[in-house]
Amino acid sequence: MTERAGVGECPADASWSVGAAILGDFSFKAGMMKKHLVMAVVPFLAFGCGDDLVDADGDGIADGVREPDTVTVVTPANPKGTVSGQVLSTDLRPLTEVTVEMTIGSSAEPVSTVSDAKGNFTYKNVPAGSHVLLTFSKAGYATLRATAQVPSSAGNVPINNGNASFGPITLARLDGTLNFLVVTPQGRPAAGARATLEATPAGAISNGDESSSMVSSVVVEATANEQGLLTFTGIPSASELARLRNGNGEYRLWVSPIDANGDGVPETGGYVNTYYGAEVVANSTTRLISLPYSRPQNVPLSIESSNVASLRGAAVDMHPLRNLVRPGELIHLFFNQPIQQGSLLVRMTNEDARESLGVTATVNNGGYSATVNPGSTVEGKEYNLDVRAVSAEGGSLFNSRGFFFAGEPRGPQNSTAIAEARYHEASLVLPASGQLNYGERVYVYFTHPIASKVVTGHRVEVFFNIDLNNSGKLGDAQGEKGFLTGFELIDDEPTFPLHTTTPAQPPVFPIIKSGYSSRFHFSYPGPDNPNLLGTEITVGFSKLGSRGAIGTYENIWGQPLTNDVAITGIGVHPAPPLP
C-alpha cells in the first residue's frame, strides 16, 4: 500500500489526471500484480498531475503530445485556420512571383505574399470565420479579386477542415490586340469615335471553396484614328478568352455617339455589341462597324412637339387653346430627327389663303429644332402654316400643314363682335349690280373665329332692321328685327379665296380646316332691294334658346356667345369679271 500511495499521490496544489483517477479505483490483492499495474499507469500520471493541459501553439492538442487522443485534445481559445491556393496561366502552367494580397475583414491592413515556383501560396494563423479578400496581380497578366470565408471549425480535429481553398486560380495574359473599323452612317471614317472594350472574365477559380467568389475583367479605351480604326491593346487575346468560362469568355464593345461639332447634339448614334473569344479565334479579321443614325431610320421625319399643336405628326391636336400663339411670340418646332441645313421652308397665309405673309425660320440644335417668327399678327385672327424639311438621316421628306390663332391664352382684350359684312355680287350686268338681289350671299365676318356648339336645334339667325315686306311696319315678316325667325347663318370656313377674279385665285398653298371660322354667310331670299346695303343687321345669339336649340356658339377661347351682335352697312365682294 505504501508503494501505491507513493505513485498515486500528487502534491497538494496539483489536480488529479484521468489516469490517476482510474488508478484509485483498483483494489490489488497480490504484491507483484500491484507493482505491474502501477508501472502501467505511470504515463497517465505524468499528465494527470500538475497544471491543466496547455495548448500554447493553438493547434488544438496539448503541448508535448506526439500522438493525440481524446484525452489530450484541447479546444483552442482563438482557433486559427489557413488560406491557400495555386495560381496558373490559362494553359494551366504554374505562375511564379504572383503577388497575393490578403485583406481580412474591412478594416485590417492588407498583408502580401508571392506564389512559389509551383504557383502555390499559403497564409497561416488566419482567425476562424474570417472573411478574406485576395487580390492576385502580376505584370502582363489580368488582375483577379476573390473572396472566401475561413471555416468556423478551424483549429479543431481534423486539422484540414480549417482551410479556405483558393484555386487553382487562372490569370489571362494581357498580350492581345483587337481592331475595329468604324464608319459613319454616310459611309465616311468615324474619326475621333471613342470606344470602350471589356474582356470578361480575365481569370477564373477552378474547384474553389463553395464560399468563394471572384471577379476579373479588363477594361480599355481607344479613339478612332483618321481612317476610323479603333485599336485595343493590353487585353487578353481571343485564344485566352476562349479557354475561360467554357469557351464563353467575351469582349463587350461600346462605341459612344459622335458629336463632331461639339454642340451637344450627336450626329450619329452609339453602338453596343458582344464578341465571344471562340468566335474571334475562328474569324480574326478586322470587324467593320457602321454607326447608326442618331434616330431610327424606319420612321419618317416628323414634328414631335410644337407650341402649334396642329403641326405635330401623329399627335396632331386641333383644339384652339393649344394652337394659340401670343402676338410677338416665336413658333417652336422639334423634330424626331435632325433636318438638313437649308432644307427648312415655312410659308404663312391669312385665314382664306389669299395672301402670302412674311415669315422667317431658323434651324437650331444641329437640325433637331427650329424657330419660326410669324412677324406681326392680329389678336383673334387665324393663320395657316406650311412646313417642309428634309431629314439629315436618310433624306426622308416632311410636309405638314397646320394653323394657329393669334392671342393670349387668358382671353381676348375685346369681346367677339362683327368686324364687317359683305355681299357677293352675282353679276355685273345692270340693273342687278349695286343692290342686294335674290339668292346673293351675304358674308358676316366676326372679329374672332367662332364655332357652333349647338347639340340640337337651329343655327343662329340674322335679322334686318328694315321693313322687308313693305308692310309698313317692322317685325311682321321673316328676317325682320323683332320677328321670331330670321335668315339662317351658315359656317363658311374658307379653304381657298373667295371667287372674285377670272380665273379664280388659287390658295397660296392648300390649307386645312381648324373647325373655327370668322366667316359665315346667309343667302338673301329676296325681293331685290338697293336699300338693304345701308341698313343694320343683327346676329341673334340670344334667340337660340327660344328656337329650341340646345347649346350655343363659342369663340376660340371657349367663351360662349349669348348676346346679340350687330353692324350697320353691307359692303361688296365684286363679282368675277366675264372671261
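Summarised in this report is the structure supplied together with it.

Conventions we followed
Residues numbered from 1 in each chain as written. Predicted model: local features only at pLDDT ≥ 70, side-chain atom pairs only at ≥ 80, totals over all residues. Heavy atoms only, no water. Helix = DSSP H or I, 4+ residues; strand = E, 2+ residues; numbered from the N terminus. Buried < 20%, exposed > 50% of the residue type's maximum accessible area, 1.4 Å probe, protein only. Contact = heavy atoms within 4.5 Å. Areas by Shrake-Rupley, 256 points an atom, 1.4 Å probe, with all protein chains shown as cover. Pairing = 2+ DSSP bridges. Polar contact = N/O pair within 3.5 Å; in protein donor to acceptor, adjacent residues only side chain to side chain.

**Thoughts on the overall build of the protein chain**
Each helix and strand in the protein chain was counted, giving 6 helices and 36 strands. Taken across its 579 residues, the protein chain has 42% of its residues classed as buried. Within the protein chain, contacts between residues at least 6 apart in sequence are counted, and of these 69% link residues at least 24 apart. A total of about 29100 Å² of accessible surface is found on the protein chain, and carbon and sulfur atoms cover 53% of it.

**Here's the deal with the pairing of strand S24 (residues 382–390)**
Burial runs high along S24: 7 of the 9 residues are buried. Inspection of the sheet shows S24 paired to strand S25 (residues 397–406) by 9 bridges, in the antiparallel sense. Paired with Ala389 across the bridge in S25 is Phe398. Between S24 and S25, which pair antiparallel and follow one another directly, the connecting turn spans 6 residues, one of which, Gly394, has a positive phi of 110 degrees.

**A few points about the environment of Thr447**
Residue position: Thr447 is located in strand S27 (residues 441–452). Overall, the relative accessible area of 24% leaves Thr447 in the partly exposed class. If we skip the residues at most four places from it in the chain, Thr447 touches Glu379, Gly380, Ser415, Thr416, Ala417, Ile418 and Ala419.

**Thoughts on the sheet that holds strand S28 (residues 461–464)**
As summarised here, the arrangement of the 4 strands in space is S29-S28-S32-S35, forming an open sheet in which the pairing is antiparallel. Sheet topology places strand S29 (487–488) and strand S35 (565–568) at the edges, where each strand pairs with a single neighbour. As paired strands, S28 and strand S32 (residues 536–539) are joined by 3 bridges and run antiparallel to one another. From the neighbouring strand, Val462 faces S32, where its bridge partner is Val539.

**Side note on the side chain of Ser130**
By secondary structure assignment, the location of Ser130 is in the loop between strand S4 (120–127) and strand S5 (131–137). Residue classification places Ser130 among the buried positions, given a relative accessible area of 9%. A polar contact of 2.6 Å, which involves the side chain of Ser130, links it to the backbone oxygen of Pro127. In this structure, Ser130 is in contact with Ile104, Ala148, Gln149 and Val150, ignoring residues within four places of it in sequence.

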